[in-house]
Structures are given as structure tokens and as C-alpha cells.
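Listed here are the chains, written in short residue letters.
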Amino acid sequence: MARVSADERRRLLVQAAIRVMARDGVAQATTRSIVAEADMSLGTFHYCFRSKEELLEQVITTITSHTLAPALEVIESSGTLEEKLRGGLASYWQHVLDNPDEHRLTYELTQYATRNPALAEFARKQYRSYLDAHTEVIEALGASAGVTWTVDEAVLARYVTAIVDGLTLLYLNEGDTEMAGAAIELAAAQILSLAGTSPTA
């Protein structure tokens, strides 16, 4: 392939890994199949990543960024607390609806890691990244809307992670878009009830 930077090669390998894993499953996603998908050599993979675990961590970081960045963009725009929160959740949920295989992949990665001793830390790191992302959302929401929360932000981040993760998994297995949307609305109402001060526009 044409000469590109190491960072770009890493990005392309991560994108290739996501495609291969979503299409064929995590267990079938060997380094050879990933480099073939990216049209690169096996040596390039080992130049860009120290291990498959490092690649998987980048896969999770990338997938998380696909939903985090748009949500933060909504949250940091003008509007009330309710508009920002509902808009951020809607942004995330639209990504689930548009990219279900990408979200299924995240759950498959968790199960794959917990059954593979070489990836013992991966699942913990995976959910740590989710907690970090939701903490960032909560902090940005509070700062941009001028609110404080009636519960500790670390606790709230875990609550939001559990709600979002659970609703996503339920939808991917049930496929009921209407009921999933209603549950998201309920989650938004519950989170709004934890705001300690009046929002500012």
C-alpha cells in the first residue's frame, strides 16, 4: 500500500479489525485475517501493535469514540439540561440502531476476554473505558448546563453505564425499537431527577 504514517496504519488496522470481528466473530479474527482485510503485511501489524490485546483495547476505544464524540458535541451546544441530556442519549441510541453489529462486537469481546487467560485484564479495561466515557459525559453535562448532581458523580457514572449497557444488550437481543425508545426516555427522566440545581439555557 502507499506510504502512510504509523498512526494512520494503526487506525486502518483497527478499522479492519472491527470489520473482521463484526463479520466473522472475535475468535476468527486472527492477526493474518486482520492484516489481509487492511491490505497490509503481518510485519506491519507487529510494528504497530505490541500484542493482540493492545489492538483489542484500541478497538474498544475506537468504538466508544464513535458514540462519545457526537454525544459530547450535543451536550456542549446550547440548550437546557433536558435538551442536552436527551439529545446526547438520542445520539448514542441512533448509533446503536445504525450500527448494531458494532455494538454486538463489544459484548462478544467481553465474553471472549473473560474466557481467555491471556486477556484477563481486557474486560476490566473495557468497562473502565465505559466508566471514563460516561464520567466525561456527566461532567460535561453538568458544566455546560450549570448543574450539580445530587449523587456522587462516580456513582452516577456507574448507574448510567449499567442503564446504557443493559438497554443496548436488551435491544440487540429483543429487537423492539419502540420499547427500547420508551426505556431510553425513562432513563433520561430518572437522570434528570438527579440534577441538584435549575439548568441554565
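Residues numbered from 1 in each chain as written. Predicted model: local features only at pLDDT ≥ 70, side-chain atom pairs only at ≥ 80, totals over all residues. Heavy atoms only, no water.

*Asks:* I'm lost on the pattern of salt bridges in this one. Help?
*Replies:* Side-chain pairs of opposite charge can arise where the charged atoms are in close proximity. Counted under the stated rule, the structure contains 13 salt bridges. Salt-bridge contacts for Arg 124 lead to Glu 121; the nearest nitrogen and oxygen are separated by 2.7 Å. Its relative accessible area of 52% is what places Arg 124 among the exposed residues. Residue Glu 121 is classed as partly exposed on the basis of its relative accessible area, which comes to 39%. Close ionic contact of Asp 132 with Arg 128 constitutes a salt bridge, the shortest N to O distance being 3.1 Å. One end of the pair, Asp 132, and the other, Arg 128, are both in helix α7 (residues 122–145), 4 residues apart, so they sit about a helical turn from each other. Residue Asp 132 is classed as partly exposed on the basis of its relative accessible area, which comes to 40%. What makes Arg 128 partly exposed here is its relative accessible area of 38%. (Salt bridge = Lys/Arg side-chain N within 4 Å of Asp/Glu carboxyl O. Buried < 20%, exposed > 50% of the residue type's maximum accessible area, 1.4 Å probe, protein only. Helix = DSSP H or I, 4+ residues; strand = E, 2+ residues; numbered from the N terminus.)

*Asks:* Help me understand the environment of Val 26 in this model?
*Replies:* With respect to the helices, strands and loops of the structure, Val 26 is situated in the loop between α1 (6–24) and α2 (31–38). In this structure the C-alpha to C-alpha distance between Val 26 and Ala 143, which are 117 residues apart in sequence, comes to 39 Å.

Geometric values such as these leave the question of function open.
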